Amino acid sequence: METLKKIVTNQYFPAGAVLTAVLLFWVVALFGGLSLLNNNQPPLTTLTWMLFVYAAAVLTPLAGLLAAVDLVRRWRRNRAAAPAATTGTAAPSAAAGEAPYPAQPRNSHPAPAKPERPGRQEAA
């Protein structure tokens, strides 16, 4: 159960699952997934099946491409972060469990204060 929990909570799992589903869809399609069209069925069933296949044929390559890009991006980010973690150059706040980057950039300035308007008084 712990192994399954580690797999499901892994950062690569969502993109890997999408990419696997896309590849499985196209493998099934290559090995006769359109055989439903050969059967004698009502026109509405055939039309619904054709619309589903058309939508899947258009959207699955896009989903697969986005999943592959996400996997490569995460892999590169983790590979680049690994030397920094082993050499000890990571920020000390990252070791304490805080975000590795501050909420506000170092060279930013606070927003200017609003000037008070003359003649206005606060309600009591």
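Here's what I pulled together on the structure shown here. (Residues numbered from 1 in each chain as written. Predicted model: local features only at pLDDT ≥ 70, side-chain atom pairs only at ≥ 80, totals over all residues. Heavy atoms only, no water.)

Before going further, it helps to examine the overall build of the protein chain. Each helix and strand in the protein chain was counted, giving four helices and zero strands. Secondary structure of the protein chain in N-to-C order comes out as α-α-α-α. Buried positions account for 6% of the 124 residues belonging to the protein chain. A separation of at least 24 residues holds for 68% of the contacts in the protein chain among residues at least 6 apart in sequence. As displayed, the protein chain offers around 11000 Å² of accessible surface, 67% of which is attributable to carbon and sulfur atoms. (Helix = DSSP H or I, 4+ residues; strand = E, 2+ residues; numbered from the N terminus. Buried < 20%, exposed > 50% of the residue type's maximum accessible area, 1.4 Å probe, protein only. Contact = heavy atoms within 4.5 Å. Areas by Shrake-Rupley, 256 points an atom, 1.4 Å probe, with all protein chains shown as cover.)

Structurally, Thr60 is set in helix 3 (residues 43-87). With relative accessibility at 14%, the residue Thr60 sits in the buried group. A distance of 2.5 Å separates a polar atom in the side chain of Thr60 from the backbone oxygen of Ala56. Contact partners of Thr60, with chain neighbours within four places excluded, come to Val22, Phe25 and Trp26. (Polar contact = N/O pair within 3.5 Å; in protein donor to acceptor, adjacent residues only side chain to side chain.)

A cluster of nonpolar side chains, contributed by Met1, Leu4, Ile7, Val8 and Phe13, occupies part of the molecular surface with about 530 Å² of accessible area. Tallying contributions element by element places helix 1 (residues 2-8) first for the nonpolar patch, with three residues. With respect to the helices and strands, Val8 occurs in helix 1. (Patch = residues over 30% accessible without salt bridge, like charges linked within 9 Å, V, L, I, M, F, W, Y side chains within 5 Å. Salt bridge = Lys/Arg side-chain N within 4 Å of Asp/Glu carboxyl O.)

Time to look at the packing of aromatic side chains. Scanning the entire structure with this criterion turns up two aromatic pairs. Seen from their ring centres, Phe25 and Trp26 are 5.4 Å apart, and the 85° between their planes marks the pair as edge-to-face. The class for Trp26 is partly exposed, based on a relative accessible area of 34%. The interplanar angle of 35° and the centroid separation of 5.6 Å between the aromatic rings of Trp49 and Phe52 together place this pair among those described as tilted. You can see Trp49 and its partner Phe52 sitting in helix 3, three residues apart, about one turn around the helix. Judged by its relative accessible area of 24%, Trp49 is partly exposed. (Phe/Tyr/Trp six-rings, centres within 6.5 Å; stacked < 30°, edge-to-face > 60°.)

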